[in-house]
Protein chains: 2
Amino acid sequence: MSKDWLAEIQWTADGLVPVIAQQYDTGRVVMFAWMNPESLALSVSEGFAVYWSRSRQRLWRKGEESGHKQKIIDIQLDCDADVILLKIDQHGGIACHTGRHSCFYRSLTDGEWQTTEPVLKDPEHIYK
Amino acid sequence: MSKDWLAEIQWTADGLVPVIAQQYDTGRVVMFAWMNPESLALSVSEGFAVYWSRSRQRLWRKGEESGHKQKIIDIQLDCDADVILLKIDQHGGIACHTGRHSCFYRSLTDGEWQTTEPVLKDPEHIYK
């Protein structure tokens, strides 16, 4: 398989692309992260999401510690070729390091960020 | 209304936050853009999405030319407080400047970005 599709992406000056992870069947947006060309190529070849951790400056196989891997269903690209939408199946139903289904668990209500989603699993039991 | 909720956001070094726009009822992710504090405050006060255009370096009231405004239904924040998920109702059903419903209209199939979504309206008729 040629890697022309990788070259078509408009990478940032840092060589990254923003990635939105969406549960393929419910449509819930569960996470936002970044990929570099290597992590995107690995995501395709392994069939599970591999991100680039900007804080740790290394490849981050989602679920490598927690087991909460993301099986890739579809990879979509936007009109400007600079954002990726990843349709995934979230293992364990937990994408967030806080133990929630989605990282987007707060809504702006009455001028405050109010939590709208429960913790499904204590993070202390996710990361041993 | 106090603006503490604005201060809780972890803005980038450029003073921006990435925003995912999602059609509130179907769950379709239609767009990805950026906001600065002013555009987010205006989004809240006006009830329609106002972005910060990085290319034009100015406020961008979504739909100001096309009429394809985005009525805000909900504003969600992620665990790290550095990404916003905007639940919107897309006027005209067209978010993309190509005249498609969503900017994410290409899927990686057989090693190519293949278009999977039709143009609903000729851009020449959107931007007069």
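Each value, and the rule that gives it
- All residue numbers refer to position in the chain's written sequence, counted from 1.
- In the order they appear in the text, chains get letters beginning with A and ligands get numbers beginning with 1.
- Local features are withheld for residues below a pLDDT of 70 in this predicted model, meaning they are given only at 70 or higher, and side-chain atom pairs are given and counted only at 80 or more; totals for whole chains, interfaces and linings count all residues.
- The side-chain values count all of the structure's non-hydrogen atoms but skip hydrogen atoms and water molecules.
- Buried Ala, Val, Leu, Ile, Met, Phe, Trp, Tyr and Cys residues that are joined via side-chain atoms within 4.5 Å together make up what is termed a nonpolar core.
- A simple rule labels every residue: compare its accessible area, found with a 1.4 Å probe on the protein chains alone, to the largest value its type can have, and call it buried under 20%, exposed over 50%, or partly exposed in between.
- Here, residues are in contact when the closest pair of their heavy atoms is within 4.5 Å.
- A run of H or I in DSSP becomes a helix once it reaches four residues, and a run of E becomes a strand once it reaches two; helices and strands are each numbered from the N terminus.
- The salt bridge definition used is simple: a Lys or Arg side-chain nitrogen within 4 Å of an Asp or Glu carboxyl oxygen.
- C-alpha atoms of residues with pLDDT of at least 70 in both copies form the basis for the least-squares superposition of the copies.
- UniProt positions are given in the numbering used here, feature names are shortened, and annotations may be inferred rather than shown by experiment.
- Note: two strands are recorded as paired if DSSP finds a minimum of 2 bridges between them.
- Each axis is a line fitted through C-alpha atoms, and for a helix only the stretch in contact is used; angles between axes span 0 to 180 degrees, taken between their N-to-C directions.

Examining the nonpolar core
1) Next: Core analysis: the largest hydrophobic core is formed by 80 residues, its most contacted members being Ile20(A), Ile84(A), Leu86(A), Ile20(B) and Leu86(B).
2) Next: Those residues in contact with Ile20(B) that lie beyond four places of it in its chain are Ile20(A), Val29(A), Phe32(A), Phe104(A), Val29(B), Met31(B), Phe32(B), Val83(B), Ile84(B), Leu85(B) and Leu86(B).

Things to note about the side chain of Ser39(A)
All names here are of chain A.
1) Next: Looking at the element boundaries, Ser 39 is found in helix α2 (residues 37-46).
2) Next: Relative accessible area serves as the criterion here: at 0%, Ser 39 is assigned to the buried category.
3) Next: Setting aside chain neighbours within four positions, we find Ser 39 in contact with Val 50, Tyr 51, Trp 52 and Leu 59.

Examining the pattern of salt bridges
Between side chains of opposite charge, pairing is possible as soon as their charged atoms come close.
Residue and element names in this part refer to chain A.
1) Next: This model, assessed by the stated rule, comprises 8 salt bridges over all chains.
2) Next: As a salt-bridge pair, Arg 61 and Glu 46 come within 2.7 Å of each other at their nearest N and O atoms. One end of the pair, Arg 61, is in strand β4 (residues 58-61); the other, Glu 46, is in helix α2, with 15 residues separating them in the sequence.
3) Next: Residue Arg 61 is classed as partly exposed on the basis of its relative accessible area of 35%.
4) Next: Assessed through its relative accessible area of 34%, Glu 46 is described here as partly exposed.
5) Next: Note that Arg 56 is salt-bridged to Glu 65, the shortest N-O span being 3.9 Å.
6) Next: Take Arg 56: its relative accessible area is 38%, and that puts it in the partly exposed class.

Describing the relation of the copies chain B and chain A
1) Next: Take chain B, turn it by 180°, move it 0.0 Å along the axis, and it overlays chain A with an RMSD of 0.0 Å. Considering both components of the superposition, the chain copies are consistent with a two-fold axis. Rotation axis and chain B: the residue whose C-alpha lies nearest the axis is Gly27(B), separated from it by 2.5 Å.
2) Next: Both copies share a contact surface, since 100% of the interface residues of chain B are interface residues in chain A too.

Observations regarding the UniProt feature "binding site: Mg(2+)" (unreviewed entry) in chain A
1) Next: Sites flagged by UniProt as "binding site: Mg(2+)" (unreviewed entry) map to Asp78(A), Asp80(A) and Asp82(A).
2) Next: Mapped onto the elements of the fold, Asp78(A) is located in the loop between β5 (70-77) and β6 (84-90).
3) Next: By relative accessible area, Asp78(A) is classed as buried at 4%.
4) Next: Discounting chain neighbours no more than four positions away, the residues touching Asp78(A) are Val83(A), Cys103(B), Phe104(B) and Arg106(B).

A closer look at unusual backbone geometry
1) Next: In this structure, Gln57(A) is a non-glycine residue whose phi angle is positive, near 50°.
2) Next: When you line up the elements, Gln57(A) lands in the loop between β3 (50-53) and β4.
3) Next: Among the residues examined, Gln57(A) registers a relative accessible area of 53% and is labelled exposed.
4) Next: Residue Ala81(B) is not a glycine yet carries a positive backbone phi of 60°.
5) Next: Tracing the sequence through the fold places Ala81(B) in the loop between β5 (70-77) and β6 (84-90).

Let's talk about the UniProt feature "binding site: Zn(2+)" (unreviewed entry) in chain A
1) Next: According to UniProt, the feature "binding site: Zn(2+)" (unreviewed entry) maps to Cys79(A), Cys96(A) and Cys103(A) in the numbering used here. Taken together, the annotated residues stretch across 25 residues and extend over separate regions, lying up to 28.0 Å apart by C-alpha.
2) Next: Within the fold, Cys96(A) resides in the loop between β6 and β7 (106-109).
3) Next: What makes Cys96(A) buried here is its relative accessible area of 1%.
4) Next: Among residues more than four places away in sequence, those in contact with Cys96(A) are His101(A), Ser102(A), Cys103(A), Tyr105(A) and Cys79(B).
5) Next: Assignment of secondary structure puts Cys103(A) in the loop between β6 and β7.
6) Next: For Cys103(A), the residues in contact, after removing those within four places along its chain, are Val30(A), Met31(A), Ala95(A), Cys96(A), Leu77(B), Asp78(B) and Cys79(B).

Observations regarding the sheet that holds β5(B)
1) Next: Across the sheet, which stays open at both edges, the 6 strands sit in the order β8(A)-β7(A)-β5(B)-β6(B)-β1(B)-β2(B) with mixed pairing between neighbours. The sheet is open, and its two borders are formed by β8 (112-115) of chain A together with β2 (29-35) of chain B, each paired with just one other strand. For this sheet, the mean inter-axis angle between neighbouring strands, taken without regard to orientation, is 35°.
2) Next: Pairing geometry for strand β1 (residues 17-23) of chain B and β2(B), over 6 bridges, is antiparallel. Paired with Val17(B) across the two strands is Met35(B), which belongs to β2(B).

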